[in-house]
Amino acid sequence: MSQIIPLLHSYHTFHQEAIKNRFFKHSDLLAVLDNMRGNAKFEIREVGKSFQGRSLNLVKCGSGPVKVFLWSQMHGNEATATMALVDLFNFLGDDYDDEVKDIILKNCTLYILPIVNPDGAEVFNRRNAQEIDINRDFHAQQTPEGRVLRQLRDEINPQFGFNLHDQTTMWSAGDTGNPATISLLAPAYNAALSVNTVREMAMLVIAEMNSTLQEVIPGHVGRFDDEYEPRAFGDNFQAAGTSTILIEAGGYADDPEKQHIRKLVFISMISGLMSISERSFLMRKTVDYFDIPENKLHHFQILLRNCAIEVESGKLKVESGKLEVESREWKAESGKLKTGSDSSETRLSSLASRNLYKVDLGLIAKEIVNDDLRSMRYEYVIGDIGDLSNRHGYKELDCTGFSLIQTQKLQVEELADIVLLDGLEVLLVIEKGVITSFT
């Protein structure tokens, strides 16, 4: 498995430049697949249509005895693994000699469905065009996409499956203080969470994958909640005899568009496929799987600690970048408040210092897809207020000695509207959920 980590250093040689971010569309993927059709290593066939008539395409490669089925983007706004898959196509399709590639293609036959939900991907929405969550449609079979996915598993009858998703960036890797950048799971096949041979093999492969990932992102791997979901595909594929491995792409500092995580998902898949190819997972034990810390919802995008908040609020407003206190105008320029007189400065200081209580404030970035459907903006909402000493933030700020003023009353799950001051210096302004100043 030592051959895997160096792939990160050569990643640029097989990175698929045509897929630049999470907002690619069905037509973008079709262009990638069309460019692959002349490569004898791949067989590509249409296996069905989405509700709105977009093609679902299966890619087959490799000639080994072990069948592995990989499917991605059941949820249209969970695109990280699809980006990693198109990089995998480049890696496997190149003619140059590579030990990792050769071992996988010799020992495995891969069946890859890169986008299960192209209609959802078109508008960057979790659900399909019927507003159905495909991953809750295993039994009802009301979605054409779900019917295709179930039929493919039955047709291929793979020994192993990779169920590829994104998760909220709020997940933490246990109590490590780190975000769960990658979460792994061998889904349960019954409510008792029993472990049979099929599920155990998935656990052992995951243990191998975690070992590889710890070399790259130590302390950033979590074990996803294994609560049994009888309507989900992963749980039912496990029950049907396919050792199913869930990979969830989470968050990583300063990687909002998940381009680094894209590489980590690739490494996760390669590690799992190598473990299956070499059967090295048989050297692992289930305790190695259960040693992976369980995910906890302990992360915020911004965590403001030790905030002194004024009981009487609403005397300070923010409009178009200007702070107004008791009908007097205060304008932020170069991070400072410009005031009209010393007496006004005294009044602001008094406003910020009376009737205070101290809390931590956790902010969550809510993703809003722009009208072009190819970009995103963020609105910050109040995730929690109070003692958050055992919670963590991608960005953390100790606000001891600062003044935090509510321009609108703080309410959990509502848009943040706050100003954070260090004396007269503006540190942070959030207006109706939008950060307009952050130093």
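In case you missed it, the structure is sitting above this.
Our subject in this report is the structure included herewith. Computed from a predicted model, the values in this text were never measured in an experiment.

Comments concerning the overall build of the protein chain
(1) Moving on: Per the secondary structure count, the protein chain includes 10 helices and 22 strands.
(2) Moving on: In the protein chain, the share of contacts with a sequence separation of at least 24, taken over all contacts with a separation of at least 6, comes to 75%.
(3) Moving on: Carbon and sulfur atoms form 46% of the exposed surface of the protein chain, whose accessible area is close to 18,300 Å².

Re the packing of aromatic side chains
(1) Moving on: Tallied over the entire structure, the rule returns 15 aromatic pairs.
(2) Moving on: Seen in terms of ring centroids, Phe138 and Phe237 are 6.2 Å apart; in terms of plane orientation they differ by 75°. Their pairing is edge-to-face. With Phe138 in the loop between α4 (118-123) and α5 (144-156) and Phe237 in helix α7 (residues 233-239), this residue pair connects regions lying 99 residues apart in the sequence.
(3) Moving on: When its relative accessible area of 9% is taken as the criterion, Phe138 is described as buried.
(4) Moving on: Overall, Phe237 belongs to the buried group, its relative accessible area being 1%.
(5) Moving on: Judged by centre distance (5.8 Å) and plane angle (75°), the ring pair of Phe160 and Phe281 falls under edge-to-face. Here Phe281 lies in the loop between α8 (259-278) and α9 (286-290) and Phe160 lies in strand β5 (residues 160-166), a separation of 121 residues in the sequence. By the burial criterion, Phe160 is buried, and Phe281 matches it.
(6) Moving on: Cluster of aromatic residues (ring-pair linked, three or more members): Phe69, Trp71, Phe138, Phe233 and Phe237.

Examining a negative patch on the surface
(1) Moving on: A surface patch of like charges, here negative, comprises Asp97, Glu99, Asp102 and Glu278.
(2) Moving on: Relative to the elements of secondary structure, Glu278 occurs in helix α8.

Considerations on α8
(1) Moving on: Across its 20 residues, α8 extends 29 Å between first and last C-alpha, which sits within 8% of the 28 Å expected from 1.5 Å per residue.
(2) Moving on: Along α8, 16 of the 20 residues are buried, which leaves the element largely enclosed by surrounding structure.
(3) Moving on: Two residues or fewer past α8, Arg279 is found with a positive phi of approximately 55°.

Description of helix α1 (residues 26-36)
(1) Moving on: Restricting attention to buried positions, one finds in α1 the residues His26, Leu29, Val32, Leu33 and Met36. Around the axis of α1, the buried residues are gathered within 120° of arc, so they sit on the same side.
(2) Moving on: Those residues of α1 that are buried lie in contact with β1 (43-49), β2 (55-61), α2 (80-93) and α4.

Quick word on the nonpolar core
(1) Moving on: With 72 residues, the main nonpolar core has Leu110, Phe162, Phe266 and Ile270 as its most contacted residues.
(2) Moving on: No other element matches α8, which puts 10 residues into this core.
(3) Moving on: Other than its neighbours up to four places away in sequence, Ile270 contacts Ile4, Leu7, Leu88, Phe91, Val100 and Ile104.
(4) Moving on: Leu304, Tyr380, Phe402 and Leu428 belong to the second largest nonpolar core, which has 20 residues in total.

With respect to the environment of Tyr394
(1) Moving on: Mapped onto the elements of the fold, Tyr394 is located in strand β18 (residues 392-398).
(2) Moving on: For the pair formed by Tyr394 and Asp254, sequence separation is 140 residues and the distance between their alpha carbons is 8.2 Å.
(3) Moving on: Excluding its chain neighbours within four sequence positions, the residues that come into contact with Tyr394 are Thr169, Pro179, Gly251, Tyr252, Ala253, His299, Phe300 and Gln301.
(4) Moving on: In terms of polar contacts, Tyr394 uses its side chain to reach the backbone carbonyl oxygen of Thr169, at 2.7 Å.

Thresholds, definitions, all that
Residues numbered from 1 in each chain as written. Predicted model: local features only at pLDDT ≥ 70, side-chain atom pairs only at ≥ 80, totals over all residues. Heavy atoms only, no water. Helix = DSSP H or I, 4+ residues; strand = E, 2+ residues; numbered from the N terminus. Contact = heavy atoms within 4.5 Å. Areas by Shrake-Rupley, 256 points an atom, 1.4 Å probe, with all protein chains shown as cover. Phe/Tyr/Trp six-rings, centres within 6.5 Å; stacked < 30°, edge-to-face > 60°. Buried < 20%, exposed > 50% of the residue type's maximum accessible area, 1.4 Å probe, protein only. Patch = residues over 30% accessible without salt bridge, like charges linked within 9 Å, V, L, I, M, F, W, Y side chains within 5 Å. Salt bridge = Lys/Arg side-chain N within 4 Å of Asp/Glu carboxyl O. Lys, Arg positive; Asp, Glu negative; His and termini not counted. Charge placed at Lys NZ, Arg CZ, Asp CG, Glu CD. Expected span 1.5 Å × (residues − 1). Arc of directions from axis to C-beta. Core = buried A, V, L, I, M, F, W, Y, C linked by side-chain atoms within 4.5 Å. Polar contact = N/O pair within 3.5 Å; in protein donor to acceptor, adjacent residues only side chain to side chain.

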